[in-house]
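# Commentary on secondary and tertiary structure
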Amino acid sequence: MAVAMRREDLLERRQNMPSDADDLWEELTLAQKFAASSLTQFGYQLNFIRDLHDKHIAVLTCNENIAVISKGGEINTHPNIQIRHVS
């Protein structure tokens, strides 16, 4: 079971993500758009969206801070996730 989930995680990462920020915004639910809009007032930027296991999570960052927004628009400013930094 763990191997299958790991494989799904890797396949999900390989999906092409929209390159333009406007395209990312179009993929958000209405509730996520409202929540993300409120976070942008504090300097957060929408980085990517993860759609895995029927969850549609928007990930935003501001400096070293990370926030995620659930499909229903709930904001979590202390998520238990790590983001790979590509240099």
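Here, every reference points to the structure presented above.
Described below are features of the structure shown in this document. Predicted, not measured: the structure shown is a model, and the values here were computed from it.

### Considering helix α3 (residues 30–40)
- Taken as a whole, α3 has its buried residues at Gln-32, Ala-35, Ala-36 and Leu-39. On an axial view of α3, the arc spanned by its buried residues comes to 100 degrees, and they lie on one face. Exposed positions of α3 whose direction lies more than 90 degrees from the buried face are Leu-30 and Phe-34.
- Those residues of α3 hidden inside the fold are in contact with α2 (21–27), β2 (55–62), β3 (65–69) and β4 (75–76).

### Quick notes on the nonpolar core
- Ranked by internal contacts, the top residues of the largest apolar core, which has 13 residues, are Leu-28, Leu-39, Tyr-44, Leu-46, Ala-58, Leu-60 and Ile-69.
- The set of elements that each furnish at least two residues to this core consists of α3, β1 (45–52), β2 and β3.
- With residues near it in sequence (within four places) discarded, Leu-46 still touches Leu-24, Trp-25, Leu-28, Ala-58, Val-59 and Leu-60.

So, how was this worked out
Residues numbered from 1 in each chain as written. Predicted model: local features only at pLDDT ≥ 70, side-chain atom pairs only at ≥ 80, totals over all residues. Heavy atoms only, no water. Buried < 20%, exposed > 50% of the residue type's maximum accessible area, 1.4 Å probe, protein only. Helix = DSSP H or I, 4+ residues; strand = E, 2+ residues; numbered from the N terminus. Arc of directions from axis to C-beta. Contact = heavy atoms within 4.5 Å. Core = buried A, V, L, I, M, F, W, Y, C linked by side-chain atoms within 4.5 Å.

Limitation: the analysis is restricted to geometry and does not speak to function.
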